[in-house]
Amino acid sequence: MMKIGNQPQGQERLNNLLQTQQKQAEKLASAKRINSAADDAAGLQIANRLTSTVNEAVQGQRNLYDGIGLAQVYEQSLQNINNDLTEVNTLAVAAGNGIYTDADRQALQQQAQGYLDNAQNTLQTASFGGVSLFNDKDIAFNSGQSNLNLKVEDVGAALTSQNVFSIDLTTQAGAAAANTTLTQATEYVSGLQADAGASINSFAAQARNLNNQQINQAQARSRIEDADFADASAKKASADVLANASIAVRAQARISQEQTLQLLA
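Residues numbered from 1 in each chain as written. Predicted model: local features only at pLDDT ≥ 70, side-chain atom pairs only at ≥ 80, totals over all residues. Heavy atoms only, no water.

> Would you explain the overall build of the protein chain in this entry?
Across its full length, the protein chain holds six helices and four strands. Counting helices and strands in the order they occur from the N terminus, the protein chain gives α-α-α-β-β-β-β-α-α-α. In the protein chain, buried positions account for 31% of the 265 residues. Accessible surface for the protein chain amounts to roughly 15,000 Å². Of this, 50% is attributable to carbon and sulfur atoms. (Helix = DSSP H or I, 4+ residues; strand = E, 2+ residues; numbered from the N terminus. Buried < 20%, exposed > 50% of the residue type's maximum accessible area, 1.4 Å probe, protein only. Areas by Shrake-Rupley, 256 points an atom, 1.4 Å probe, with all protein chains shown as cover.)

Here you go:
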């Protein structure tokens with residue numbers, strides 16, 4: 001019996017070309033070299049691990065920037081309190097003026113009380129995202145690699161214990177005592193501001209470090225899983241040409257086979 005053509009082998013080659021077309025088209029559509037474990041099992045595992053690390057770094061940066069925002073609000077609130085205490089201290093020095101009458105000192109006391117009320121209002125209302133800023137606690141921010149803490153203090157309790165909110169400027173003796181108290185209080189608040197500033201710098205430095213890591217890891221992931229458009233385009237074009245040619249040859253072969261069978265018949 002005469003065997004005409006080699007259909008199974010030709011069909012297998014055509015199927016391979018069509019699969020190549022599909023794979024290259026998928027790479028071009030997704031912009032990725034690895035779309036499933038079948039493409040590169042080891043590469044997919046590494047890319048997934050890098051993706052997890054990149055996402056961790058991104059969220060860590062968000063946490064740290066929230067920490068920076070909170071620390072800035074805390075520091076600015078402290079500055080507002082310091083401004084009020086400084087104004088009161090100026091009034092305390094004025095109350096020590098020997099030419100002032102009792103009525104003058106009473107007016108200075110009322111003015112000072114206004115500044116003290118402002119300071120107390122700041123202490124009671126200052127918050128960030130619903131978190132009160134003037135309680136003794138450490139506020140932790142997870143960077144993904146470690147926790148960074150911002151220590152905030154109960155400034156109201158500290159100033160109360162220093163008798164800041166009970167100063168008396170109606171006498172020269174009271175004004176002198178108030179001057180000493182307020183000098184110590186402003187030094188205390190300024191120290192807290194310095195600590196907050198140091199925390200802001202620490203958070204910012206860690207955020208920059210995470211950003212650098214994120215960039216480098218994202219680049220490494222890209223080298224592993226992203227498609228080379230030039231290479232994928234060239235391979236798809238080649239597969240297109242070969243597939244079209246194979247289809248044309250097979251069509252011609254079927255016509256020739258039918259003609260041969262007709263002659264034999």
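Further notes follow.
> Can you walk me through the packing of aromatic side chains in this structure?
Geometrically, a pair of aromatic rings is defined through the distance of the ring centres and the angle of the planes. Applying the stated criterion across every chain yields a total of two aromatic pairs. Between Tyr74 and Phe134, the aromatic rings sit 5.5 Å apart at their centres with planes inclined by 45 degrees, giving tilted as the arrangement. A residue pair is termed long-range when its members are at least 10 positions apart, and Tyr74 in helix α2 (residues 41–95) and Phe134 in the loop between β2 (131–132) and β3 (137–142) qualify at 60 residues. Exposure remark for Tyr74: the relative accessible area of 1% places this residue in the buried category. Among the residues examined, Phe134 registers a relative accessible area of 4% and is labelled buried. Plain terms: the ring middles of Phe141 and Phe203 are 5.6 Å apart, the flat faces sit at 70 degrees to each other, and that makes the pair edge-to-face. (Phe/Tyr/Trp six-rings, centres within 6.5 Å; stacked < 30°, edge-to-face > 60°.)

> Which parts of the structure should I look at to understand unusual backbone geometry?
Leave glycine aside and you will find that most residues have negative phi; peptide bonds, for their part, are mostly trans. Phi is positive for Asn163, close to 65 degrees, though the residue is something other than glycine. Within the secondary structure, Asn163 sits in the loop between α4 (155–161) and α5 (172–225).

> Before we go on, may I ask you to explain the packing of α2 against α5 in this structure?
The relative placement of two packed helices is expressed as an angle between their axes plus a distance between the axes. Direction vectors running N to C along α2 and α5 enclose 165 degrees, while the axes themselves pass 7 Å from each other. Between α2 and α5, the interaxial angle falls into the category roughly antiparallel. Of the two elements, α2 crosses α5, and the hand of that crossing is left-handed. In terms of residue class, the contact of α2 with α5 is made up of 33 nonpolar, 21 polar and three charged. (Axes fitted to C-alpha atoms, helices over the stretch in contact; angles between N-to-C directions. Parallel < 35°, antiparallel > 145°, perpendicular 65-115°, else oblique. Left-handed = near helix turned anticlockwise from the far one by under 90°. Nonpolar A, V, L, I, M, F, W, Y, C, P; charged D, E, K, R; others polar.)

> I keep staring at the environment of Lys151 and nothing clicks. Help me out?
With respect to the helices and strands, Lys151 occurs in strand β4 (residues 147–152). Residues Lys151 and Asp195, 44 residues apart in the sequence, show an inter-C-alpha distance of 8.4 Å. In this structure Lys151 touches Tyr74, Lys137 and Asp138, once residues within four positions along its chain are discounted. (Contact = heavy atoms within 4.5 Å.)

> Quick question: what am I supposed to make of the side chain of Gln193 here?
Inspection of the secondary structure assignment puts Gln193 in helix α5. Residue Gln193 is classed as buried on the basis of its relative accessible area, which comes to 11%. One polar contact links Gln193 to Gln79, side chain to side chain, over a distance of 2.7 Å. With near-sequence residues (within four places) excluded, Gln193 lies in contact with Glu75, Leu78, Gln79 and Asn82. (Polar contact = N/O pair within 3.5 Å; in protein donor to acceptor, adjacent residues only side chain to side chain.)

Remember that the coordinates give geometry; whether it matters functionally is a separate question.
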